[in-house]
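An overview of the molecular structure
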Amino acid sequence: MKGNIVLALLVFYPFLGGILAWAAGKRKELGETFRDYLADGIVISEFILMAVLFFLFGKTAGAGSVMECSLPGICGLGLSFTLDGFRLIYGTVACFMWMMTTILSRQYFWHHENQNRFYLFLLLTLGATMGVFFSGDLYTTFIFFEIMSFTSYVWVAQEETKEALRAAGTYLAVAVIGGLVMLMGLFTLYHELGTLQMDELLAAAQTYLTAKGADRELRQGILYAAGVCLLVGFGAKAGAFPLHIWLPKAHPVAPAPASALLSGILTKTGIFGILVTTSTIFLHETPWGILVLTIGVITMVGGALLAVFSVDLKRTLACSSMSQIGFILVGVGMQCLLGEENALAVHGTLLHMVNHSLIKLVLFMAAGVIFMNVHALNLNEIRGYGRKKPLLKAIFLTGALAIAGIPGFGGYVSKTLLHESILEYSGGFLIRLVEWLFLISGGLTVAYMTKLYVAIFVEKNDSAKVQWKFDRQKDYMNRESAFALTGSALVLFIWGLIPGLTMDKAAGLGQGLMGLTEFGEPVSYFSLKNLSGAVISLVIGAAVYLLVIRGLLMEKQRKGAPVYVNAWPAWMDLENLIYRPLLLKILPGIAGVFSRILDSFADLAVVVFRKTIYKDSPLPHERMEGNWFTETAGRVMNFIQAVGNRTWNRRHPGNRDYVHILAVRNEELRENNTIIGRSLSFGLLLFCIGMCLTLIYIIVL
């Protein structure tokens, strides 16, 4: 091991902790309570270590200093970890979120099965996520990225219902396909540039493009092909269009603590990869910026529309995550378009990433408290649940105001920076269209968060008996859960309360990853010019809520208040409309037809060659059965049989055709060999699986 051992400890400590927690849960004499507290202790100690590192290393990291650690020889190329300002911020955010969700998990899973499994994969995913954020090269990123995909799959499938298993299958399929495409991009980059080290990629790409005698356009095309492969892989995890399909399906069925981490942190690992790709290989490249900006705008608007139509609490928050990822990708695209004058876009991107992480931590944990008490997520069923619960109401309201971009909260600051970066770029009609789609998406955010808040905390349930039960419920969360939710909400509130002391400093600390060295001029967040964007979004949001949600998306009943309805057409589900038919029916069908054509072509080619260039066998006829050996041996035995008949003068010899008999025996032998071969194949397959597990064990330990 070379370098600072602390980085390796932060990555591998949760892996060890997960195994210890799982083993403790298996010991009946220790009990599940010991396992729960052990898991809490692991994530709390991880957070404390990260916080100490933040305060000790924060000042030097802001000046461009980095901490490095390498583990040579592992997986061939070795693993490398590094710590700069951005990684310092997101390592701390990740540890904080894991700490709070693990504390909540004790009450959330009180009556659930398979708790041991959940805690194991909860901690394994923490280690993998830290490995992604601390990775110093794209090879290390890929390894931990794939580990994270497989360990987090268990989160989605945790409840083992039909819906959960289907959503988990979709999540895993998107992750695996994205990972394979990413791997192709990594192979191409390594072949062309000779390195995957993040701090070497920019110089290597420039040298590659400007090499003497090189075809610049061809080489640039190769780099863009590799970059698109990386964008597909990282974008799949981020939940960007068109690979967003797992987000609306996974969140409603996954446990709330897992949903908070899937939305708040795991999507940011995808954004991290896109940021690395953009700020190294395609730094200030306009075509790349246009590509990312286009994907960002579609994701931003599409997610917001889905959230407006949704009537499921966690599905609405999941679609909201998709939309907010779109906001972040807009910032990434603007970084390229603005070139060296991209400070607003850089700061807005980073701060909105952090804001979204903290916001979704608060909102999904609040949704978890509601679900573990009501066991429902439909707005019509949970309507009025929070009317008499001031603490839960304040916690949810903090997250709602922040994500809606209300002045005084963190979301307003980051959205203002992103909006100003769009205004800073003079691109004519198209950039004006992007600005208005940005403001409209902000308005849709206001509308769907208003819908959630009003339904849960203002309106009354249709059933007076149910509402009476809701109002009487006082012990809806224990002290540990209250600490997790209240602490998260307070951090979110303080984070956005004084942006000059918190958010601006964080932006300066983490800007180095995106190639920005100077901070730029300070922004007056509460000037009339900057407030105007928030006001426009608020007006749009109010109009959408009153005219669309209350007017069109609520159905009047003969008795009682109108109910929320999901008017989104069922056939407009991309997974069922395109992906599943394409991957399970169309592509296999096309591949089958193509294979038959190739098979027929091969037979035709054999016949042509046999009749022309190569001559047929000198035998005067095709052999009907058996092979040359059985036929030769059978003829010899038939001859011996005939000679014996003449010698003994048999009138009715009862001759046996040994050619046929030996051919039949040969066919039986071949069938037996086939059966044995299949058994050997199965044994070899098991051997290979065992060998892989052994190699993993050797590599890890």
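The structure displayed is predicted, hence computed values, not measured ones.

Let us now look at the nonpolar core. Ranked by internal contacts, the top residues of the largest apolar core, which has 191 residues, are Phe134, Leu313 and Phe396. Here this core takes 20 residues from helix 13 (residues 343–374), the largest share from any one element. Not counting chain neighbours up to four residues away, the residues in contact with Leu313 comprise Ala367, Ile370, Leu377, Ile382, Phe396, Leu452 and Ile456. If you look at the next biggest cluster of nonpolar residues, it comprises 15 residues, including Val330, Met334, Ile422 and Ile431.

The next thing to look at is unusual backbone geometry. Geometrically, the link from Phe241 to Pro242 is a cis peptide bond, its omega value of 5° lying close to zero. Relative to the elements of secondary structure, Pro242 occurs in the loop between helix 8 (216–238) and helix 9 (246–253). Its identity as a non-glycine residue notwithstanding, His284 has a phi of 65°, on the positive side. Mapping His284 onto the fold places it in the loop between helix 10 (256–280) and helix 11 (286–309). Residue His284 is classed as partly exposed on the basis of its relative accessible area, which comes to 27%. Of note in the backbone geometry, His375 takes a positive phi value of approximately 60° without being a glycine. By the element assignment, His375 lies in the loop between helix 13 and helix 14 (379–382).

What follows concerns the packing of aromatic side chains. Any aromatic ring pair is given by two values, namely how distant the centres are and how the planes are angled relative to each other. Counted according to the given criterion, the structure contains 27 aromatic pairs. Pairing Tyr385 with Phe470 gives two aromatic rings, centres 5.2 Å apart and planes at 80°, and the pair type is edge-to-face. Of this pair, Tyr385 sits in the loop between helix 14 and helix 15 (390–403) while Phe470 sits in helix 18 (residues 464–472), placing them 85 residues apart in sequence. A relative accessible area of 0% means that Tyr385 is categorised as buried. With a relative accessible area of 8%, Phe470 lands in the buried category. Through pairs of rings, three or more aromatic residues link up here, namely Tyr108, Phe109, Phe118, Tyr119 and Phe371. Here the basic side chain of Arg106 rests over the ring of Tyr37, its NZ or CZ set 4.4 Å away from the ring centre. The ring of Phe145 carries the charged tip of Lys237 above its face, separated from the ring centre by 5.8 Å.

Our focus in this paragraph is the environment of Ile222. Along the polypeptide, Ile222 turns up in helix 8. C-alpha of Ile222 to C-alpha of Leu189: the two residues are 33 residues apart in sequence and 8.7 Å apart in space. Setting aside residues up to four positions removed in sequence, Ile222 forms contacts with Thr188, Glu192 and Tyr208.

With that out of the way, let us pick up the side chain of Ser537. On the secondary structure map, Ser537 appears in helix 21 (residues 528–549). Using a relative accessible area of 9% as the deciding quantity, one classes Ser537 as buried. When sequence neighbours within four positions are dropped, the list of residues in contact with Ser537 reads Leu439, Gly442, Gly443 and Val446.

The final tally for this structure, using the stated rule, is four cavities of 30 Å³ or more. Put simply, the parts of the chain that give the lining of the largest cavity at least two residues each are helix 16 (410–424), helix 17 (429–457) and helix 21. Within the lining of the largest cavity, the residues separate by chemical class into six nonpolar, seven polar and one charged.

As a further point, take helix 20 (residues 503–510). Among the eight residues of helix 20, seven are classified as buried, and the element is accordingly described as predominantly covered. All of the buried residues in helix 20 are Met503, Asp504, Ala506, Ala507, Gly508, Leu509 and Gly510.

Turning to the pairing of strand 2 (residues 67–71), a few remarks are in order. Burial along strand 2 is one-sided: Met67, Cys69 and Leu71 are buried, and none of Glu68 and Ser70, which face the opposite way, are. By the bridge criterion, five bridges tie strand 2 to strand 3 (residues 79–83) in an arrangement that is antiparallel. What sits directly across from Ser70, in strand 3, is Ser80.

Scanning the entire structure with this criterion turns up 10 salt bridges. The closest approach of N and O atoms between Asp40 and Arg106, which form a salt bridge, is 1.9 Å. Here Asp40 is found in helix 2 (residues 31–62), whereas its partner Arg106 is found in helix 3 (residues 85–108), with 66 residues between them in sequence. Taken as a pair, Asp40 and Arg106 share a single burial class, namely buried. When the shortest N-O distance is used, the salt bridge between Arg87 and Asp84 registers 2.8 Å. For Arg87, a relative accessible area of 3% puts it in the buried group. Residue Asp84 is classed as buried on the basis of its relative accessible area, which comes to 13%. Because the salt bridges share partners, they merge into one network encompassing Arg383, Glu459, Asp462 and Arg550.

Side chains of Trp571, Met572, Leu577, Ile578, Leu582, Ile586, Leu587 and Ile590 sit close together on the surface and give an oily, nonpolar patch of about 740 Å² of accessible area. With respect to the secondary-structure elements, Ile590 resides in helix 22 (residues 574–611).

The subject of this paragraph is the pairing of strand 3. Burial within strand 3 is extensive, with five of its five residues counted as buried. Neither face of strand 3 is left uncovered, since the one carrying Leu79, Phe81 and Leu83 and the one carrying Ser80 and Thr82 both have all their residues buried.

Conventions used here
- Residues numbered from 1 in each chain as written.
- Predicted model: local features only at pLDDT ≥ 70, side-chain atom pairs only at ≥ 80, totals over all residues.
- Heavy atoms only, no water.
- Core = buried A, V, L, I, M, F, W, Y, C linked by side-chain atoms within 4.5 Å.
- Buried < 20%, exposed > 50% of the residue type's maximum accessible area, 1.4 Å probe, protein only.
- Helix = DSSP H or I, 4+ residues; strand = E, 2+ residues; numbered from the N terminus.
- Contact = heavy atoms within 4.5 Å.
- Phe/Tyr/Trp six-rings, centres within 6.5 Å; stacked < 30°, edge-to-face > 60°.
- Lys NZ or Arg CZ within 6 Å of the ring centre and 35° of its normal.
- 1 Å grid on protein atoms, 1.4 Å probe; cavity = no way out; pocket = protein on both sides within 12 Å on 5 of 7 lines; lining within 4 Å.
- Points joined across faces, edges and corners; volume = space filled by probe spheres on them.
- Nonpolar A, V, L, I, M, F, W, Y, C, P; charged D, E, K, R; others polar.
- Pairing = 2+ DSSP bridges.
- Salt bridge = Lys/Arg side-chain N within 4 Å of Asp/Glu carboxyl O.
- Patch = residues over 30% accessible without salt bridge, like charges linked within 9 Å, V, L, I, M, F, W, Y side chains within 5 Å.
- Areas by Shrake-Rupley, 256 points an atom, 1.4 Å probe, with all protein chains shown as cover.

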